[in-house]
Structures are given as C-alpha cells and as structure tokens.
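One letter stands for each residue in the lines below.
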Amino acid sequence: MLWYLVPSVIMFAAGVYGFCTRKNMIALLISLELMLNSADLNFVVFNRFLFPGSMEGMVFTLFAIAIAAAETAIAIAIIINIYRAVGNTDINSVKQMKF
Amino acid sequence: MDSVANIILYFVVALCIAVFSVMTVTSRKILRAATYLLFVLIGTAVFYFQLGYQFLGAVQIAVYAGGIMVLFVFSILLTRRPDDKAPLLASHRRALGIGLSLSGLVLLLLALFFMPLVDGLSLSECLESGMSIDMATIGKAFVGTDRFQYLLPFEAISVLLLACIIGGVTVARKR
C-alpha cells in the first residue's frame with residue numbers, strides 16, 4: 001500500500017512546484033491537474049487496501065474526475081477570454097478587471 | 001503485490017509517473033508540458049487497472065486523457081505560438097517553489113513511512129477478499145437512494161455539467 005502512495009506524493013510535490021513558479025495560466029492549470037490527480041490516486045489506494053469490501057473511494061474519485069473536467073472547461077474559457085482582452089496569458093499582465 | 005509481473009509493472013509505471021510529473025513542471029515549452037501531463041494521466045490509469053478498478057481506469061482515460069488534454073492542446077495553440085519558450089525564472093521564485101515543494105515532499109514522506117495504518121495485506125489478498133466491482137454494482141450504486149447509493153450527487157453532477165456548458169459558451173463567445 002505504501003508503495004502506491006509514493007508516486008502520488010511525488011506528483012503532488014511537482015504540482016506545488018509548478019503552481020508556485022509558473023507564470024502562464026495554462027501551465028498553472030496543468031500543475032493543478034497534477035495535484036488533483038494525486039488526490040484521486042490516494043482515494044483509490046486507501047479504498048483498495050484499507051476497505052476492500054466497499055467502493056466509496058472509487059465513487060468519490062468518479063465524482064472528482066467529473067467536477068475537474070467541468071472546472072477545466074470553464075477555466076479554459078475564461079483564459080481564452082482574457083487572451084482576447086489582454087493579448088497574452090501571463091498572470092502578471094492581468095492586474096485590473098474591467099469594473 | 002506478490003506476483004513478479006505486478007511488481008515489474010508497478011516499478012515501470014511509478015518511474016514513469018515520477019519522471020514525467022517532474023518534467024511537466026520543469027519543461028519550458030508548454031506544449032511539451034501538456035504531453036508529459038498526458039503520460040502521467042495514462043500512468044495513473046494503469047495504476048487504477050492494476051488495483052482492480054477497470055471502470056475507473058476507463059473513465060480516467062476517456063475523460064482526462066481524451067477530453068481535458070484536447071482542451072489543453074487547443075487552448076495552448078490558440079493562445080501562443082507552439083515554439084515559444086517560457087522566460088527563465090527569477091531566482092527567488094524558483095527558490096520559493098523548490099523550498100515549498102521539497103518541504104512538502106519530506107513531510108508527506110515522513111508521514112507516509114510512520115503511518116500507523118499500514119498492515120501487511122498484499123494486493124492479491126485485497127483483490128480476493130474485496131467485493132467484485134462490475135458494471136451492475138456501479139450502476140445500482142449510482143441510481144439508488146439507499147445507504148451507500150448516490151442518486152442525489154449524480155443528479156447534482158448532471159446539473160453542474162449543464163451549467164458548465166452554458167457558462168463556457170457565455171464566457172468564451174465573441175461580443
């Protein structure tokens with residue numbers, strides 16, 4: 001069980017590094033996906049090894065994947081809209097909103 | 001995990017996930033970062049298959065590796081030239097990121113290796129003692145209203161996806 005959690009920890013640390021250092025919004029979103037994916041893997045591993053008689057971790061991971069898909073679609077729509085208004089997708093160039 | 005094939009598969013996939021997730025956040029070309037993220041997601045799907053959750057692995061490949069990656073690639077190609085490189089990082093930002101992620105990594109690994117929950121159950125024992133998760137079980141769990149059945153969250157997710165479609169069209173349309 002331990003050994004399935006080690007890649008998940010590495011994934012999460014890489015996501016934190018990317019989230020702190022990147023400036024492009026799409027790269028930030030990619031780092032966010034890494035962290036979400038590591039949390040999903042943790043749910044499934046704990047379900048399989050600690051509670052093998054039930055499937056709650058799997059169901060929760062299914063819901064998390066669906067919500068992550070919705071969130072990514074909305075975020076990319078917002079990013080494309082910002083690109084149309086500002087001209088690039090750096091987080092430093094978005095310092096003021098329209099209103 | 002006791003059979004040799006399982007151990008070899010685990011090590012290959014774990015190495016893949018570790019290397020590609022680090023390359024995702026260190027690569028300076030963003031289209032390459034998206035490709036490495038695709039490899040990480042497929043490796044996670046292989047883990048799901050190995051742990052006995054076939055439906056979850058299929059959903060991971062279809063939704064993440066299929067849908068979200070296409071969204072990422074299209075938005076990258078719409079917003080920047082594919083051969084653009086990200087500028088080099090300022091040293092204090094890099095130090096902040098490395099410090100945060102390394103301290104988090106060390107803390108999580110310490111917590112992992114001193115975790116009191118670890119029992120010696122191997123994967124094949126868990127797979128044999130656990131319930132078999134076939135499509136009938138999953139379908140009944142999603143449309144029932146008893147204990148451990150999830151009709152209300154299922155409907156909430158469907159409303160959320162509808163709102164997501166409308167919101168995406170409203171936000172991204174041309175004025």
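Anything mentioned here points back to the structure above.
Residues numbered from 1 in each chain as written. Chains lettered and ligands numbered in written order. Predicted model: local features only at pLDDT ≥ 70, side-chain atom pairs only at ≥ 80, totals over all residues.

Enquirer: Even after reading the chapter, I still don't get the overall build of chain B, so can you show me in this structure?
Expert: Helix and strand counts for chain B come out as seven helices and zero strands. Of the regular secondary structure in chain B, the N- to C-terminal order runs α-α-α-α-α-α-α. For a compact globule of 175 residues, the expected C-alpha radius of gyration is about 16 Å, and chain B comes in at 21 Å, more than 25% above that figure. The principal-axis extent of the C-alpha atoms belonging to chain B is close to 55 × 45 × 30 Å. (Helix = DSSP H or I, 4+ residues; strand = E, 2+ residues; numbered from the N terminus. Rg over C-alpha atoms; globule rule 2.2 N^0.38 Å.)

Enquirer: Would you mind showing me how to read helix α3 (residues 54–79) of chain B here?
Expert: Side chains three or four residues apart in an α-helix point the same way, a direct result of the helix having 3.6 residues per turn. Taking 1.5 Å per residue as the helical rise, α3 of chain B with its 26 residues ought to reach 38 Å, and the 36 Å between its terminal C-alpha atoms agrees with that figure. Of all bends in α3 of chain B, the biggest is about 30°, found at M69 of chain B. For α3 of chain B, the elements touching its buried residues are α2 (25–50) and α3 (56–86) of chain A together with α2 (30–50) of chain B. (Expected span 1.5 Å × (residues − 1). Bend = angle between axes of the 7 residues up to and from the residue. Contact = placed C-beta atoms within 7 Å.)

Enquirer: Is there a simple way to explain the packing of α3 of chain A against helix α7 (residues 151–172) of chain B in this structure?
Expert: How two helices pack is summed up by the angle between their axes together with the distance between the axes. As a packed pair, α3 of chain A and α7 of chain B sit with axes 9 Å apart at the nearest point and diverge in direction by 10°. By the criterion of interaxial angle, the relationship of α3 of chain A to α7 of chain B is roughly parallel. Counted together, F63, A66, I67, A70, A73, I74, A77, I78, I80 and N81 of chain A of α3 of chain A and P153, I157, L160, L161, C164, G167, G168, V171 and A172 of chain B of α7 of chain B form the full contact between these two elements. A class-by-class count of the residues in the contact of α3 of chain A with α7 of chain B yields 16 nonpolar, three polar and no charged. (Axes fitted to C-alpha atoms, helices over the stretch in contact; angles between N-to-C directions. Parallel < 35°, antiparallel > 145°, perpendicular 65-115°, else oblique. Nonpolar A, V, L, I, M, F, W, Y, C, P; charged D, E, K, R; others polar.)

Enquirer: How do you make sense of the nonpolar core when you look at a structure like this?
Expert: Generally speaking, nonpolar side chains in soluble globular proteins are found buried as a group. The biggest cluster of nonpolar side chains holds 54 residues, and the ones touching the most others in it are I26, I30 and V44 of chain A together with L37 and V40 of chain B. Top contributing element to this core by residue count: helix α1 (residues 2–21) of chain A, with 11 residues. For L37 of chain B, the residues in contact, after removing those within four places along its chain, are I30, E33 and L34 of chain A together with T24 of chain B. (Core = buried A, V, L, I, M, F, W, Y, C linked by C-beta atoms within 7 Å. Buried ≥ 20, exposed ≤ 12 C-beta atoms within 10 Å, placed from the backbone.)

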